[in-house]
Amino acid sequence: MPALVLLGAQWGDEGKGKATDLLGGSVDYVVRYQGGNNAGHTVVVGDQKYALHLLPSGILSPGCTPVIGNGVVVDPAVLLSELSGLNERGVDTSKLLVSGNAHLITPYHTTLDKVTERFLGKRKIGTTGRGIGPTYADKINRVGIRVQDLYDESILEQKVEAALDFKNQILAKLYNRRAIEAGKIVEELLGYGEQIRPYVADTTLILNNALDEGKVVLFEGGQGTLLDVDHGTYPFVTSSNPTSGGACTGAGVGPTRISRVIGILKAYTTRVGAGPFPTELFDDDGEALRRIGGERGVTTGRDRRCGWFDAVIARYATRVNGLTDFFLTKLDVLTGWEQIPVCVAYEIDGKRVEELPYSQSDFHHAKPVYEMLPGWSEDITQAKSFGDLPKNAQAYVKALEEMSGAPISAIGVGPGRDETIEINSFL
Ligand code: IMP
């Protein structure tokens, strides 16, 4: 059972941190393969709560090597501050590995992200403002700065100057901002380079060797399936591929290595930022889900938009990721509703549609078709096995499983590490 992928099956924030942490003890490597510090994991260990943005959640498991793969974009200032925050709380971070091929988020990327959003006005994406999009754009435009460039001063200077020659024109002429001095950026980056040097490695070689030795490698996706730049609700997406194929390109492992793909699925739906969301609620139920579920972004502090479970999305996630299992999270948040609506299909221009429409215009018009499932009022946070759940909660899980197209192998019934029901082991 060498390589598993764990990813969000909806719009992110499904509770991946908890799932990774649950597996952490038996996993040798936890790898992030895309995104950057736009992600947000909350991991609860004992009475300690950790909010991670860039680091893989495996950093909290002593036996595990955390890896930042080539597909990730790294803000070195954030990396260092996250590391020192953990060190201050007694967490050993010395095993961390960072790919030399990962691209760097520099201050000009963050500036460009923010001013572009402002410039877009009503058409803005609602990005996290962390420089993610501009950094990936530079990567694809072949004007990006990679971690390895920090160790060749003259190359670094040339690359930063080339990038800024162009960007300063945009900043000054289009956005009316002051130009950014290349020398200052180079100096700042060189300083970070020295501090992160001990972690920088050829991570694809290390990971492939580990797989050859039968080690367990867990690839941890940031964001979620519907925020994927290819398979998500474009343009209201992030700039990378959280879907399972992204694990291969973003870590340098072949698809033949991957044995299991686990989708994290919240028992209801949330999203942050702009874009279509068919089951979104604007009433007291939406407010209640937000309050009970603590639906506020770990990274941005923004309130999340909340809605009922959408089986069309779950089926789509099964398809585009080749999911083998689901980890259903936050089932406890639904305790107390007499009836729980579940979206089983959409109505688009008067027609019932069972699959996610590929046309963005259709998706914008999609109205949810709901089926009502009976709720439960008993506290479920102490449930240790599927049989401990109230009958209606069991039926809710079974119904979701049937509609979503892959077995639900674990259920989160509370935020704590042990508040999980394991049905089939992931390992
Ligand atoms: P970006 O990733 O900062 O460029 O933001 C693009 C879109 O992805 C926005 O709608 C963000 O709110 C959303 N997004 C980015 N990261 C996350 C995440 O970890 N969870 C949920 N939404 C995210």
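Residues numbered from 1 in each chain as written. Predicted model: local features only at pLDDT ≥ 70, side-chain atom pairs only at ≥ 80, totals over all residues. Heavy atoms only, no water.

1. Some points on the overall build of the protein chain
The condition that has to hold: A run of H or I in DSSP counts as a helix once it spans at least four residues, and a run of E counts as a strand once it spans at least two, with each numbered from the N terminus. What the globule rule says is 2.2 Å times the number of residues to the power 0.38, and the radius of gyration is computed from C-alpha atoms. Contacts were defined at the residue level, with two residues in contact if any of their heavy atoms lie within 4.5 Å.
Helix and strand counts for the protein chain stand at 12 helices and 20 strands. Scaling as 2.2 N^0.38, a compact globule of 427 residues should have a C-alpha radius of gyration of about 22 Å, and the protein chain matches this with 22 Å. Expressed as lengths along the three principal axes of its C-alpha atoms, the size of the protein chain is roughly 65 × 50 × 40 Å. For the protein chain, contacts bridging at least 24 residues in sequence account for 75% of all contacts bridging at least 6.

2. Some details on the environment of G17
Stated formally: Burial classes follow relative accessibility: with a 1.4 Å probe on protein chains only, a residue under 20% of its type's maximum area counts as buried, one over 50% as exposed, and anything between as partly exposed.
Within the fold, G17 resides in helix 1 (residues 16–24). Classification of G17 as buried rests on a relative accessible area of 3%. Each C-alpha atom of the pair G17 and A317 lies 19 Å from the other, and the pair is 300 residues apart in sequence. Excluding residues within four positions of it along the chain, G17 makes contact with H41, T42, V43 and S57.

3. Description of the UniProt feature "active site" (unreviewed entry) in the protein chain
Keep this limit in mind: UniProt positions are given in the numbering used here, feature names are shortened, and annotations may be inferred rather than shown by experiment.
With numbering aligned to this structure, UniProt lists the feature "active site" (unreviewed entry) at D13, H41 and K139. A maximum C-alpha distance of 25.9 Å among these annotated residues, which run over 127 residues, shows that they spread across the structure rather than meeting at one spot. Structurally, the position occupied by D13 is in the loop between strand 1 (3–8) and helix 1. One can find K139 in helix 4 (residues 132–141). On the basis of relative accessible area, K139 is assigned to the partly exposed category, the value being 28%. With sequence-adjacent residues up to four places away left out, K139 is seen in contact with N70, G71, H103 and G144.

4. Points about the domain arrangement of the protein chain
Quite often, the size of an interface is put as the accessible area lost when its parts meet. Here is the rule: Each domain's extent is set by a domain assignment, obtained either automatically or from a database. Each of two parts loses accessible area, computed with a 1.4 Å probe, when they are put together; buried area is these two losses added.
Partitioning the protein chain into structural domains gives domain 1 (3–91 + 202–422) and domain 2 (103–198). For domain 1 versus domain 2, the separation of C-alpha centres amounts to 29 Å. Of the residues lining the interface, 26 residues belong to domain 1; the matching set on domain 2 comes to 19 residues. Here domain 1 and domain 2 share an interface that buries about 1,800 Å² over both sides, 63% of which is from carbon and sulfur atoms.

5. Observations concerning the site of the ligand
The line we're drawing: Here a residue is near a molecule or strand as soon as one of its heavy atoms is found within 4 Å of it. In protein, a polar contact means a hydrogen-donor-capable atom and an acceptor-capable atom, both N or O and within 3.5 Å, with residues adjacent in sequence counting only if both atoms are side-chain atoms; elsewhere, any N or O pair within 3.5 Å suffices. Values of accessible area rely on a 1.4 Å probe in the Shrake-Rupley scheme; residue burial ignores everything except the protein chains shown. Gly falls in the polar group here, along with every residue not listed as nonpolar (Ala, Val, Leu, Ile, Met, Phe, Trp, Tyr, Cys, Pro) or charged (Asp, Glu, Lys, Arg).
Every one of the 16 residues lining the ligand counts as a neighbour, but D13, N38, T128, T238 and R302 are closest to it. One of the side-chain nitrogen or oxygen atoms of N38 is found 2.8 Å away from an oxygen atom of the ligand. In this structure, an oxygen atom belonging to the ligand sits 3.1 Å away from a side-chain N or O atom of R302. Coverage of the ligand by the protein amounts to 97% of the 470 Å² it exposes when considered alone. A breakdown of the residues in the shell around the ligand according to their chemical character gives 6 nonpolar, 8 polar and 2 charged.

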